[in-house]
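# Coordinate inspection notes
Letter by letter, the chains look like this.
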Amino acid sequence: GENVEQHPSTLSVQEGDSAVIKCTYSDSASNYFPWYKQELGKRPQLIIDIRSNVGEKKDQRIAVTLNKTAKHFSLHITETQPEDSAVYFCAASTEGNKLVFGAGTILRVKS
Amino acid sequence: GAVVSQHPSRVICKSGTSVKIECRSLDFQATTMFWYRQFPKKSLMLMATSNEGSKATYEQGVEKDKFLINHASLTLSTLTVTSAHPEDSSFYICSARTAANGYTFGSGTRLTVV
């Protein structure tokens, strides 16, 4: 089955700096890669996703890149703000199938 | 957008009792519902996949007799934690695939077994 690894487990950045979180996946059949932000006790919120027919996707300060050959994808947050502080999860799935999550990254943005 | 309503949001029960958690898709039909549990400061671990009208598929290591899943209609899936024990205390959350080929999550249930 699919295995998703996520690094780093914690990340501290200064406000205004960029943050990068990386994930690798094992199943070459996976074709959907979402990123979620989760606050304590709340449901995961989708912040951006990418499908395997695309190499990069951007939405304002957030971008995701995908390297299918290497089986890794990354989340990039630019101009970080204190409200970006949260736990971020990457995930991978084949279309319509179960979503497998990475271990999570605690992002702290220091003001 | 697609919404999954999950109830209860919090429940405290005594050891040995059973607890039922419901997830309803409000404006779409969810033929498949995924059930996760999440321990504090940990990731979401898939427990099982429920399919409307058929038996659920459980992940390795998940006791199907302890975590009963029923998906009797296209809009309702339930997870029953039977004979709950303190180690079953966790955050349980459901997720359904949407027509846009994304996933939508319920709001989660915080279960505390005392």
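What you see is a predicted model; the values in this text were computed from it and never measured.

## Comments concerning the overall build of chain B
- Scanning chain B for helices and strands turns up zero helices and 11 strands.
- Tracing chain B from N to C terminus, the helices and strands come up as β-β-β-β-β-β-β-β-β-β-β.
- Over its C-alpha atoms chain B spans a radius of gyration of 13 Å, differing by no more than 12% from the 13 Å that the globule rule assigns to 114 residues.
- With respect to the principal axes defined by its C-alpha atoms, chain B has extents near 40 × 25 × 20 Å.
- Residue burial in chain B is summarised as follows: out of 114 residues, 49% are buried.
- Restricting to contacts in chain B with at least 6 residues of sequence separation, those with at least 24 account for 52%.
- Total accessible area on chain B stands at roughly 5600 Å², and carbon and sulfur atoms take up 52% of it.

## Brief notes about the interface of chain B and chain A
- The partner chain A presents 19 residues to the 21 residues of chain B that form the contact.
- In total, chain B and chain A occlude about 1500 Å² of area from one another, counting both sides; carbon and sulfur atoms represent 54% of this.
- On the surface where chain B and chain A come into contact, there are one salt bridge.
- Between B:Glu59 and A:Lys98 there is a salt bridge, and its shortest N-O distance comes to 3.1 Å.
- Where chain B meets chain A, there are seven residue pairs in polar contact (both at pLDDT 80 or more).

## Some words on the packing of aromatic side chains
- A complete count under the given rule lists 13 aromatic pairs over all chains for this structure.
- Ring geometry for A:Phe101 versus B:Tyr36: centroids 5.4 Å apart, planes at 90°, classification edge-to-face. Remark: B:Tyr36 occurs in strand 4 (residues 32–38) and A:Phe101 occurs in strand 10 (residues 100–101); the pair is interchain, linking two chains. Accessibility classification places A:Phe101 together with B:Tyr36 in one group, the buried group.
- When the centroid spacing of 6.0 Å and the interplanar angle of 55° are considered together, the rings of B:Phe34 and B:Tyr103 count as tilted. One end of the pair, B:Phe34, is in strand 4; the other, B:Tyr103, is in strand 10 (residues 103–105), with 69 residues separating them in the sequence. By the burial criterion, B:Phe34 is buried, and B:Tyr103 matches it.
- Within the aromatic cluster, the residues linked to one another by ring pairs are A:Tyr36, A:Phe89, A:Phe101, B:Tyr36 and B:Phe105.

## Here's the deal with the sheet that holds strand 8 (residues 72–77) of chain A
Residues and elements named next belong to chain A.
- On the basis of which strands lie adjacent, the open sheet formed by five strands has the order 1-3-8-7-6 and antiparallel pairing. The open sheet has two free edges, formed respectively by strand 1 (4–7) and strand 6 (56–59), since each of these has just one partner strand. Here the average twist between neighbouring strands, direction ignored, is 15°.
- Bridge count for strand 7 (residues 62–67) against strand 8 is six bridges, and the pairing is antiparallel. From the neighbouring strand, Ile62 faces strand 8, where its bridge partner is Ile77.

How each quantity is defined
Residues numbered from 1 in each chain as written. Chains lettered and ligands numbered in written order. Predicted model: local features only at pLDDT ≥ 70, side-chain atom pairs only at ≥ 80, totals over all residues. Heavy atoms only, no water. Helix = DSSP H or I, 4+ residues; strand = E, 2+ residues; numbered from the N terminus. Rg over C-alpha atoms; globule rule 2.2 N^0.38 Å. Buried < 20%, exposed > 50% of the residue type's maximum accessible area, 1.4 Å probe, protein only. Contact = heavy atoms within 4.5 Å. Areas by Shrake-Rupley, 256 points an atom, 1.4 Å probe, with all protein chains shown as cover. Buried area = accessible area lost by both parts, 1.4 Å probe. Salt bridge = Lys/Arg side-chain N within 4 Å of Asp/Glu carboxyl O. Polar contact = N/O pair within 3.5 Å; in protein donor to acceptor, adjacent residues only side chain to side chain. Phe/Tyr/Trp six-rings, centres within 6.5 Å; stacked < 30°, edge-to-face > 60°. Pairing = 2+ DSSP bridges. Axes fitted to C-alpha atoms, helices over the stretch in contact; angles between N-to-C directions.

All we've got here are geometric facts, nothing functional implied.
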